[in-house]
Amino acid sequence: MPEQNTKGLLKAIHSTRKESCGHEEKEDDSSTFMRESRVEEAGDSVSRKPLVVCLDIGTTYTGYAYSFIKKPDEITVRKWASEGTMLSPKAPSSVLLTPELSFHSFGYDAERKFSDLHAKNDHKSWNFVNGFKMVLNDKKKFDANVLNVLDIQNHYVPASAVFTGVIRYLKNDLMEQLTRRGYHLDESNIQFVVTVPAIWSEAAKQAMTDFSVMAGIQKENLMIAYEPEVAALHCVSMPASQVTVRTRDNIALMFKPGCSFLVLDLGGGTTDITVQKVEKDGKLSQLRKASGGNWGGNCVNNLFFQDLTKSLGQKVFQKFITTNAGDYFYLKNQFEVAKRNFRNDQEIVYLHIPSSLKKITKEVNGKKIGDIFNELETREKVYYSDGKLNYASEYFRKFFSSSVQSIVDEVKRVLKSKRCSEVEYILMVGGFSESEIVRDGIKMAFPEIRVINPEDASLSVLKGGVLFGHDPDTVRFRVCPQSYGMAMHEYFNPKKHDLSKSCKVGNTQFAVGCFEKIFEKDEIVEVGQQKIVRVAEDFTGQPEKMRTQNKEIEMYASAAKDPKFISDPGCTLQGIIVVSPPGGRWPDKMKGKITFEVTVTGINVSFMDRNTQSTSGGEIKFSEPKPQAGENPLNRSFRKDDL
Ligand SMILES: Nc1ncnc2c1ncn2[C@@H]1O[C@H](COP(=O)(O)OP(=O)(O)OP(=O)(O)O)[C@@H](O)[C@H]1O
Ligand SMILES: [Mg+2]
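Each value, and the rule that gives it
Residues numbered from 1 in each chain as written. Chains lettered and ligands numbered in written order. Predicted model: local features only at pLDDT ≥ 70, side-chain atom pairs only at ≥ 80, totals over all residues. Heavy atoms only, no water. pLDDT = per-residue confidence, 0-100. Helix = DSSP H or I, 4+ residues; strand = E, 2+ residues; numbered from the N terminus. Contact = heavy atoms within 4.5 Å. Near = heavy atom within 4 Å. Polar contact = N/O pair within 3.5 Å; in protein donor to acceptor, adjacent residues only side chain to side chain. Areas by Shrake-Rupley, 256 points an atom, 1.4 Å probe, with all protein chains shown as cover. Nonpolar A, V, L, I, M, F, W, Y, C, P; charged D, E, K, R; others polar. Salt bridge = Lys/Arg side-chain N within 4 Å of Asp/Glu carboxyl O. Buried < 20%, exposed > 50% of the residue type's maximum accessible area, 1.4 Å probe, protein only. Expected span 1.5 Å × (residues − 1). Pairing = 2+ DSSP bridges. Axes fitted to C-alpha atoms, helices over the stretch in contact; angles between N-to-C directions. Core = buried A, V, L, I, M, F, W, Y, C linked by side-chain atoms within 4.5 Å. Bend = angle between axes of the 7 residues up to and from the residue.

### Remarks on the confidence of the model for the protein chain
Across the protein chain, the average pLDDT comes to 85, with 88% of residues at or above 70. No element of the protein chain has a lower mean pLDDT than strand 2 (residues 37-40), at 26, and none a higher one than strand 9 (residues 94-97), at 98. Throughout residues 1-46 the model reports pLDDT below 50, and contacts reaching past four residues in sequence, or to other chains, amount to 232 contacts.

Listed below in structure tokens is the structure:
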């Protein structure tokens, strides 16, 4: 299975479940399927909608943009009112939930409302969350329905309430904006694109799909897109008027057929790296599975606040946040501005300290804030004067160091890997790539590679997502990050099989828990490609319930290229492939084939009865598979066809 565009093919939920069942004897109520794999060609079948909207839910900033099919490049970015008349193209990823956990507000509105509640001391039972996207980073196995995020007051709130609340809010806001502009579009005419980091696990990508559907976006109108990939698309399509001649020339060279380039997407939460090659027809092929980590621009903010907390004390800072939200947001925003404006040749950076923080410091420590900084060893580099905290440039720069170093190390690792030796360009996108410190760090570390910093880097994901929605075929080949397969069983053959991995059902001995590979690790998979698994099953004498219910087959992933059993080390249960009976009822002697088709937005699964040629739907489900105690181990696998 390709790593990308799988609609989160593999929702990793469980750790490996060992299915080896020795010699147990069980009633034969199992399904018996047979298989045969082969690859077929197929076209892509994405219908184009009149309007495409991209929702970019970022770790730090969130927004949406859209354009109409007639002029896809004319992208409207929704602007958000911050302070006064200031408008910004993304709003902070902040959400306010009521005491009853209903969605109340988003972005600047959420910050304003929470500050007001604070001012009236009415805030305690409310829930204010930001940076919630991080909860899905590094998550390989989880149940999205029970996932929680921590709010600013250390309340646990359900992640689903936060994510669905934001997505629903953005969708409703879009509809209002369209109406205001005189467009009366039915939602079925809108293609929604939701962007996710390419490095996310399949489980996390699937969770984003689920949250979007829960928020009211119809599944058939939804596409999940990969942030670095769509950002690259945006760069190649930027109108000449919006870029410098140098950027335009560089991008033109980079997008020449045969050229390989690395996309370095530096967001607030994540660094997301993909490597692409431009094919002869201008389409992109992924050369390596996505990689990266949690080294976005937020690391800088975190280090700054950790440093401040260390100087003033945990108690002071906690009290400041919980009793003066408005001032905390003010300080945060000031830091954000200082961080964005920070230049290599700058001598000093200063921040106004809110009077509430000074007061709390005095109350808790019995000392004035200026005296505290004066007593520290770092007093030459960080000092307080006239209500401002002043940082010497070399001290402030340290807040950037660890994230820049981690990014450089990861890029070095990627460039050393096979298939990436010919990378000629690094394309830097995402908000954090607008930092001069970061850009210079990358340029210095890779003097032999041309580094491109396009204008509008912080909006490249948002705008690229819109372009991708209009023309999703642009990315054609993808690299499979793991091997994926489904559980199979076959008639036991003592010459071939290990008795310990077998079980007896009725009078028949089966080898169980075989890993039937569908996609191999590092395999390059093309959009439209099909993999077919031939199956057969004898339903004769099966209870009526079994004849009409869906067949569920376990799906596994492994980092090994060729796992033999689902119980091999490193194999993990990912989800369930659900196949519906054709015509609502399984025939007595069913012979069928399951087709897995790689689409631009995921994997389509379908089933065909080979005798009657009737077809039925299928899907891959990543909600937590719930094995029943004492369940027949053959129920969730196919039997291999020896024909
Ligand atoms: N000019 C700038 N200089 C330094 N940092 C910047 C600049 N502009 C934006 N950033 C930082 O970039 C980050 C936001 O970038 P972006 O909007 O791409 O991220 P995001 O979408 O919120 O996060 P992610 O994509 O990781 O989920 C923030 O950490 C912000 O401080
Ligand atoms: Mg982003």
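### Remarks on the site of ligand 1
Around ligand 1, the surrounding shell holds 21 residues, and the nearest of these are Thr59, Thr60, Lys133, Glu336 and Lys339. At 2.6 Å, a side-chain N or O of threonine 60 approaches an oxygen atom of ligand 1. Against a free-state accessible area of 650 Å², the protein chains account for coverage of 95% of ligand 1. The leading source of residues in the shell around ligand 1 is helix 8 (residues 325-341), at 3 residues. Counted by class, the shell around ligand 1 contains 2 nonpolar, 12 polar and 7 charged residues.

### With respect to the side chain of serine 67
Relative to the helices and strands, serine 67 is located in strand 4 (residues 61-68). Of note is the side chain of serine 67, whose polar atom sits 2.8 Å from the backbone oxygen of proline 72. Within the structure, serine 67 has its side chain in polar contact with the side chain of histidine 470 (distance 2.8 Å). Dropping the residues within four chain positions of it, serine 67 is found in contact with Pro50, Leu51, Val52, Pro72, Glu74, Ile75, Val466 and His470.

### Structural notes on the pattern of salt bridges
Tallied over the full model, the rule gives 24 salt bridges. In this structure, lysine 133 engages glutamate 227 in a salt bridge whose closest nitrogen and oxygen atoms are separated by 3.0 Å. Taken as a pair, lysine 133 in the loop between strand 11 (127-130) and strand 12 (148-150) and glutamate 227 in helix 4 (residues 227-236) lie far apart in primary sequence, 94 residues in all. A residue is classified by how much of its surface remains accessible, and lysine 133, at 4% relative accessible area, is buried. Across the salt bridge formed by glutamate 520 and lysine 517, the nearest N and O atoms sit 2.6 Å from each other.

### Observations concerning unusual backbone geometry
The backbone of leucine 101 shows a phi angle near 70 degrees, a positive value even though the residue is not glycine. You can see leucine 101 is positioned in the loop between strand 9 and strand 10 (103-106).

### Quick word on helix 3 (residues 202-214)
Between its terminal C-alpha atoms helix 3 stretches 18 Å, which fits the 18 Å expected from 13 residues at 1.5 Å a residue. Burial within helix 3 is extensive, with 10 of its 13 residues counted as buried. Along helix 3, the residues that are buried comprise Glu202, Ala203, Ala204, Lys205, Gln206, Ala207, Met208, Thr209, Phe211 and Ser212. Looking at the buried positions of helix 3, the neighbouring elements they touch are strand 3 (51-57), helix 2 (159-180), strand 14 (190-196), strand 15 (222-226) and strand 25 (483-491). Remark: glycine 216 follows helix 3 within two positions and exhibits a positive phi of approximately 105 degrees.

### Observations regarding the pairing of strand 16 (residues 260-266)
Along strand 16, 7 of the 7 residues are buried, which leaves the element largely enclosed by surrounding structure. Of the strand pairs in this sheet, strand 16 and strand 17 (residues 271-278) are connected by 7 bridges, and their pairing is antiparallel. Note on strand 17: the bridge partner recorded for leucine 266 is threonine 271. Taken together, strand 16 and the strand that follows it, strand 17, pair antiparallel across an intervening segment of 4 residues. When strand 16 meets strand 22 (residues 423-429), the two strands line up parallel, connected through 6 bridges. Within strand 22, the residue paired with leucine 262 across the bridge is isoleucine 426.

### Some points on the packing of helix 6 (residues 298-312) against helix 7 (residues 314-323)
Where helix 6 contacts helix 7, the axes come no closer than 6 Å and their chain directions differ by 120 degrees. Seen from helix 6, the contacting residues are Phe305, Leu308, Thr309 and Leu312; seen from helix 7, they are Gln314, Val316 and Phe317. For the contact of helix 6 with helix 7, the class distribution of residues is 5 nonpolar, 2 polar and no charged.

### Quick word on the environment of valine 135
Structurally, valine 135 can be placed in the loop between strand 11 and strand 12. Taking C-alpha positions, valine 135 is 6.6 Å from valine 149, a pair spaced 14 residues apart along the chain. When near neighbours in sequence (up to four residues on either side) are disregarded, valine 135 contacts Leu147, Asn148, Val149, Ala159 and Phe163.

### Overview of the nonpolar core
Membership of the largest hydrophobic core comes to 61 residues, with the highest contact counts inside it found for Leu262, Leu264, Tyr391 and Ile426. For this core, the element with the highest residue contribution is helix 11 (residues 393-416), accounting for 10 residues. Excluding residues within four positions of it along the chain, leucine 262 makes contact with Ile273, Thr274, Val275, Val411, Val414, Leu415, Val423, Tyr425, Ile426 and Leu427.

### Side note on helix 11
The terminal C-alpha atoms of helix 11 lie 34 Å apart, and with 24 residues this matches the ideal 34 Å at 1.5 Å per residue to within 8%. Along helix 11, the helix axis deviates most sharply at phenylalanine 400, where the bend reaches about 40 degrees.

### Here's the deal with the sheet that holds strand 17
An order of 23-22-16-17-18-24-28 is seen for the 7 strands of this open sheet, with the pairing classed as mixed. Two strands lie at the open edges of the sheet, namely strand 23 (450-452) and strand 28 (524-526), each paired on one side alone. Strand-to-strand twist in this sheet, taken as the mean axis angle between neighbours without regard to direction, amounts to 25 degrees. Pairing of strand 22 with strand 23 involves 3 bridges; the strand directions are parallel. Among the inter-strand pairings, leucine 427 is bridged to a residue of strand 23, identified as isoleucine 452. Each of strand 16, strand 17, strand 18 (284-293), strand 22 and strand 24 (475-479) touches helix 4; the most contacted strand, strand 16, lies at about 115 degrees to it.

### Digging into the sheet that holds strand 19 (residues 348-352)
Spatial strand order, 19-21-20: 3 strands in an open sheet with antiparallel pairing. In the strand order of this sheet, the two ends are held by strand 19 and strand 20 (382-385), each with one partner. Neighbouring strand axes in the sheet, compared pairwise and without regard to direction, differ in orientation by 25 degrees on average. Relative to strand 21 (residues 388-392), strand 19 runs antiparallel, the two being bridged by 5 bridges. What sits directly across from isoleucine 348, in strand 21, is alanine 392.

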